[in-house]
Amino acid sequence: MGTQATGERTASPDQPCRPLRADAARNREKLLEAATEVFGEHGTSGSLEEIARRAGVGVGTLYRHFPTRACLVEQVYRHSVDEVCAAAPRLLEQLDPFDALSTWVDGFVGYVSRKKGMASALREAMGPESEAVFADVHERLEGAASLLLGAAQKAGMARSDAEPLDILRSVSGMCMAAAASQDPERTKRVLSLVLDGLRYGAPVTVEASRTENLASV
């Protein structure tokens, strides 16, 4: 977890996160956003004082919401998942099913790249209890992927034999390989191949058939 920042409190590993007070929701959200930035820049050992400063609150406010660093890391991790999952139905309202799926997968790539350090920090801080967090997160992400893939399949835009878990595993593996090679352009190219693979073998839609018929005239 790294050396504690000056002034950081200590607590037992099993100390629970304090329940959120309704009148503190705005400060909590600002703290989570600031922590996401700081952890992204410096890892999960980033300064808690810097997080509070960016959120525009005192360090005491940070500790009232997140008594331990482990609690903060867990909530930032869950907050990232909340954003990824909430995007799925919103994208379906705004885009056609396959474009919604493609855009969501692109956002999922960003989530995977951010979560690695947080996942390791959670395992170190929580031990075996962290597995319950990961199981819950995985279930939620699979649900979001299922919603988008199901819509694309129903519209005839994605192959019928693809499964949500195929997407999660493919993208996660791709991100791990990209991190090792440090080649973001290759990541984009491989992501394009993954998405093309989802389209390959998809039923021909009515619109596609009409276009082919016109082209043959």
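Shown above is the structure to which this text applies.
**As for the nonpolar core**
Judged by nonpolar contacts, the single largest core of 60 residues is most densely connected at I51, L101, W104, F108, Y111 and L141. Listed by contribution, the elements that provide at least two residues to this core are α1 (25-42), α2 (48-55), α3 (59-65), α4 (69-94), α5 (97-126), α6 (130-154), α7 (164-181) and α8 (184-199). When residues in this core are grouped by element, the largest group, 15 residues, is from α5.

**Describing the pattern of salt bridges**
Scanning all chains against the criterion turns up ten salt bridges. The partner of R54 in a salt bridge is E37, and the shortest N-O contact between them spans 3.4 Å. Linking R54 in helix α2 with E37 in helix α1, this pair joins segments that are 17 residues apart in sequence. Here E37 falls in the partly exposed class, since its relative accessible area comes to 44%. For R54, a relative accessible area of 31% puts it in the partly exposed group. Ionic contacts of the salt-bridge type, sharing partners, join the residues E37, E41, E50, R53 and R54 into one network.

**Digging into the packing of aromatic side chains**
Applying the stated criterion across every chain yields a total of four aromatic pairs. Geometrically, the ring pair formed by Y77 and Y111 is stacked, given 6.4 Å between the ring centres and 20° between the ring planes. Of this pair, Y77 sits in helix α4 while Y111 sits in helix α5, and the two are 34 residues apart along the sequence. Per residue, the accessibility class of Y77 equals that of Y111, and both read buried. Summarising the aromatic geometry, the rings of W104 and F108 are spaced 5.4 Å apart at their centres and angled 5° between planes, so their arrangement reads as stacked. Remark: F108 and W104 occur in helix α5; sequence separation between them is four residues, near one turn of the helix. W104 gets classed as buried once you look at its relative accessible area, which sits at 2%. One aromatic cluster is present, built from ring pairs that chain together Y77, W104, F108, Y111 and F134.

Cut-offs applied
- Residues numbered from 1 in each chain as written.
- Predicted model: local features only at pLDDT ≥ 70, side-chain atom pairs only at ≥ 80, totals over all residues.
- Heavy atoms only, no water.
- Core = buried A, V, L, I, M, F, W, Y, C linked by side-chain atoms within 4.5 Å.
- Buried < 20%, exposed > 50% of the residue type's maximum accessible area, 1.4 Å probe, protein only.
- Helix = DSSP H or I, 4+ residues; strand = E, 2+ residues; numbered from the N terminus.
- Salt bridge = Lys/Arg side-chain N within 4 Å of Asp/Glu carboxyl O.
- Phe/Tyr/Trp six-rings, centres within 6.5 Å; stacked < 30°, edge-to-face > 60°.

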